[in-house]
Amino acid sequence: MCINVLPTTWGHSRWTWLDCFNWIFNKKMNLQTIHSILLAISYSQAFQYTELAQYVDDHQEEYVEALRDWVAIESDSSNIFKRPELHRMMEMVAQKLREMGGTVELVDIGEQELPDGQTLALPKVVTAQFGSDPSKHTVCVYGHVDVQPAKLEDGWATNPYNLTDIKGNLYGRGASDNKAPVLAWIHAVKAYQDLSMDLPVNVKFLIEGMEETGSNGLDALILAQNNTFFSDVDYIIISDCGWLSRRPALTYGTRGNCYFFAEVEGPKQDLHSGVYGGTVIEPMTDLIGILDTLISPSGKILIPGIREAVAPLSDEEWKMYQDVEFNVDHYKNQTGVNQLMYNNKVDLLAHMWRYPTVSIHGIEGAFSDSGTKTVIPAKVTAKFSIRQVPNMDPAMVKKQVTDYLYSVFAKRKSPNNLKVTMVIGAKPWLADTQHPLYGAGKAAIQRVFNMDPDLIREGGTIPIARTFQDVTGKSIIMMPIGGFDDGMHSQNEKISRYNYVEGTKLFIAYLNEVAQIKNTSV
């Protein structure tokens, strides 16, 4: 039977099976012809992915060069002197999307107030749209293109802003977090375009430039555009995380974070320890004393009410952790420690993902330079955080921590002054792994990698996920392509060429799978 009997629009249009059967019925074809057509349709659908995947393979050098151009921009959002570079980065993103024919806007989100009272323009947020077919689902892809600080002298083996390919790994600051994933999504859309294939869903982008410093201004933008830009969005996709092992993963939860400053102030100025030591009650001694009451040597949080708020670990969740591919010994060796808090996989994963923890990050005002300095600091400020999990509430945690520390400090009967403030209060995020978004993710991973994914949670915090959930009410999935050993935020950050290229194919396949979700799923 000649395939030309098929309608000319079949290959690249969004025909449903019902459309097909209606067309066949109207043509009044015999059974043999119908059977041949159905076989041809099935083959045609499979062939489209093969063609798209081949396109990606053929263009991978182009993808690497695009990443090289992006990594070369020092878009460090924490350094105000790099702000012009950050503005240039956002313009580059917008231009790339414009060249693809998207409806693109650079949205002004205001100014950042600096500690000295001055203000600095925030980088604009890039929004873009490809397709507006009301019969299709609409997805919004979130990403960021700002990066953590990086210097060669920090211990990098290569220039962090010159993408370097070593044995299939692409080294550079922001390569994995989050420039390559953003580019992979853009390249996925462009592959459909260049092969004259209709996008199976409408695709929107929201790309920011302040994620690494708290997404300044983004919450307000989401609130302001909830009834405009987000009004027709069905699903939100975030690819700002990584796999746990060499097995692809889908992420369904992140911890939140409450970050505290505990300041102890005493003398009016720093004092000589030889002259004043033994005569004054030192702020540093007070500070170390209260910090020691936050957590036990075994990792037990000692602040009343914290552990009691945590949702219990269910049998189903325990089984999910048991099924995750994770090697405890490899994790220990990679971390470079001789002993971990827990020795079995489930306990370790549970305490990485779904139990709170206290981490003490540093003390401001203390002498930390090389050499010696016999000083009694007049004021010292500890910085510590408590990772949040369901069912903890940051407002309650703030009260519990401040009440507890003031109580502990009072027992010391010190003449010094304590001030406790919470500077970040980010809630945890948790998704339903039974939602069709995750079924679509499993199908896409099976198609591209020929294996089932791990379902994992992240120990870190991605505050924007909870904002999206609370403000828009949309369903969210996190679909990482970063490797477990990419070194995000660390020296020698990289993404493997394999993850970058196959990740692009994954995004292509995922768009197709999302198109199959029934409209009753929200």
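Residues numbered from 1 in each chain as written. Predicted model: local features only at pLDDT ≥ 70, side-chain atom pairs only at ≥ 80, totals over all residues. Heavy atoms only, no water.

## Quick word on unusual backbone geometry
Leave glycine aside and you will find that most residues have negative phi; peptide bonds, for their part, are mostly trans. Residue Asn178 is reached from Asp177 by a cis peptide bond, and omega for that bond is 15°. Note on placement: Asn178 falls in helix H5 (residues 175-194). Following Pro390, the chain continues into Asn391 via a peptide bond in cis, with omega recorded as 10°. Within the secondary structure, Asn391 sits in the loop between strand E15 (379-388) and helix H12 (394-411). Backbone geometry places Ser196, a non-glycine residue, at a positive phi of 55°. (Helix = DSSP H or I, 4+ residues; strand = E, 2+ residues; numbered from the N terminus.)

## Focus on the sheet that holds E15
Spatially, the four strands line up as an open sheet ordered E13-E15-E11-E16, and their pairing is antiparallel. The open sheet has two free edges, formed respectively by strand E13 (358-364) and strand E16 (417-426), since each of these has just one partner strand. Averaged over all pairs of adjacent strands, the angle between their axes in this sheet comes to 20°, without regard to strand direction. Relative to E15, strand E11 (residues 256-265) is paired through ten bridges, and the arrangement is antiparallel. Note that in E15 the partner of Glu263 across the bridge is Thr381. (Pairing = 2+ DSSP bridges. Axes fitted to C-alpha atoms, helices over the stretch in contact; angles between N-to-C directions.)

## Considerations on helix H15 (residues 497-515)
The periodicity of an α-helix, 3.6 residues per turn, causes residues three or four places apart in sequence to face the same way. Between its terminal C-alpha atoms H15 stretches 28 Å, which fits the 27 Å expected from 19 residues at 1.5 Å a residue. Burial runs high along H15: 17 of the 19 residues are buried. (Expected span 1.5 Å × (residues − 1). Buried < 20%, exposed > 50% of the residue type's maximum accessible area, 1.4 Å probe, protein only.)

## Details of the pattern of salt bridges
When the charged atoms of two side chains lie near each other, side chains of opposite charge can form a pair. Per the stated rule, a full pass over the model turns up 20 salt bridges. Taken together, the shared-partner salt bridges in this structure form one network comprising Asp57, Glu502 and Lys505. (Salt bridge = Lys/Arg side-chain N within 4 Å of Asp/Glu carboxyl O.)

## A short note on the packing of aromatic side chains
Ring pairs (aromatic) are described by centroid distance and by the angle formed between their planes. For the coordinates displayed, the defined rule picks out twelve aromatic pairs. For the ring pair Trp243 and Phe449, a centre distance of 5.7 Å and an interplane angle of 85° mean the geometry is edge-to-face. A residue pair is termed long-range when its members are at least 10 positions apart, and Trp243 in the loop between strand E9 (235-238) and strand E10 (249-254) and Phe449 in helix H13 (residues 436-449) qualify at 206 residues. There is no split in this pair, since Trp243 and Phe449 are both buried. Ring centres of Tyr259 and Phe261 lie 6.1 Å apart, and the angle between their planes is 85°; on these two criteria the pair is classed as edge-to-face. In textbook terms, an aromatic cluster arises when at least three aromatic residues are bridged by ring pairs, as seen for Tyr142, Phe229, Phe230 and Phe468. Directly above the ring of Phe229 sits Lys204, whose terminal nitrogen or CZ lies 4.6 Å from the centroid. Against the face of Tyr355 rests Arg354, its NZ or CZ located 5.0 Å from the ring centre. (Phe/Tyr/Trp six-rings, centres within 6.5 Å; stacked < 30°, edge-to-face > 60°. Lys NZ or Arg CZ within 6 Å of the ring centre and 35° of its normal.)

## With respect to the environment of Asn169
Looking at the element boundaries, Asn169 is found in strand E7 (residues 169-171). A C-alpha to C-alpha distance of 5.8 Å links Asn169 and Arg497, two positions 328 residues apart in sequence. The contact partners of Asn169, leaving out residues within four places of it in the chain, are Thr164, Lys494, Ile495 and Ser496. (Contact = heavy atoms within 4.5 Å.)

## Focus on the packing of helix H3 (residues 60-71) against H15
Between H3 and H15, whose axes approach to 11 Å, the crossing angle comes to 110°. Accordingly, the angle class assigned to the pair H3 and H15 is roughly perpendicular. The interaxial crossing formed by H3 with H15 has right-handed handedness. Every residue of H15 that contacts H3 at Gln60, Glu61, Tyr63, Val64 and Leu67 is listed here: Arg497, Tyr500, Val501 and Thr504. Broken down by class, the residue content of the contact of H3 with H15 amounts to five nonpolar, two polar and two charged. (Parallel < 35°, antiparallel > 145°, perpendicular 65-115°, else oblique. Left-handed = near helix turned anticlockwise from the far one by under 90°. Nonpolar A, V, L, I, M, F, W, Y, C, P; charged D, E, K, R; others polar.)

## Description of the confidence of the model for the protein
Summary statistics for the protein give a mean pLDDT of 92 and a share of 90% for residues scoring 70 or more. Low pLDDT, under 50, characterises residues 1-15; the stretch is placed with 31 contacts to residues that sit more than four places away or in other chains. (pLDDT = per-residue confidence, 0-100.)

## Here's the deal with helix H10 (residues 328-335)
Two or three places before Asp329, at the start of H10, stands the capping residue Asn327, its side-chain oxygen 3.0 Å from that residue's backbone nitrogen. Immediately downstream of H10, the backbone of Gly336 shows phi near 85°, a positive value. (Polar contact = N/O pair within 3.5 Å; in protein donor to acceptor, adjacent residues only side chain to side chain.)

## Remarks on the packing of H5 against H15
Relative to each other, H5 and H15 sit at 55°, their axes nearing to 8 Å. With respect to their mutual orientation, H5 and H15 come out oblique. In terms of crossing hand, the pair formed by H5 and H15 is right-handed. Of H15, the residues touching H5 (which contributes Ala180, Pro181, Leu183, Ala184, Trp185, His187, Ala188, Ala191 and Tyr192) are Tyr500, Thr504, Phe507, Ile508, Tyr510, Leu511 and Asn512. Counted by class, the contact of H5 with H15 contains 13 nonpolar, three polar and no charged residues.

## Things to note about the sheet that holds strand E6 (residues 164-166)
A sheet is described by the order of its strands in space; here three strands give the open sequence E6-E7-E20, paired in antiparallel fashion. Two strands close off the open sheet at either side, each with one partner strand: E6 and strand E20 (494-496). The sheet shows a mean angle of 25° between the axes of neighbouring strands, direction not considered. Strand direction decides the pairing type here: E6 and E7, joined by three bridges, are antiparallel. Bridged to Ile166 within E7 is Asn169.

## Considerations on the nonpolar core
Formed by 114 residues in total, the largest nonpolar core has its most connected members in Phe205 and Tyr510. Residue contributions to this core peak at eleven residues, all from H5. Discounting residues that sit within four places of it in the chain, Phe205 has contacts with Leu97, Val126, Thr127, Ala128, Phe130, Val141, Trp185, Ile186, Val189 and Phe229. Formed by 27 residues, the second largest nonpolar core is a distinct cluster that contains Cys258, Met392, Val401 and Val420. (Core = buried A, V, L, I, M, F, W, Y, C linked by side-chain atoms within 4.5 Å.)

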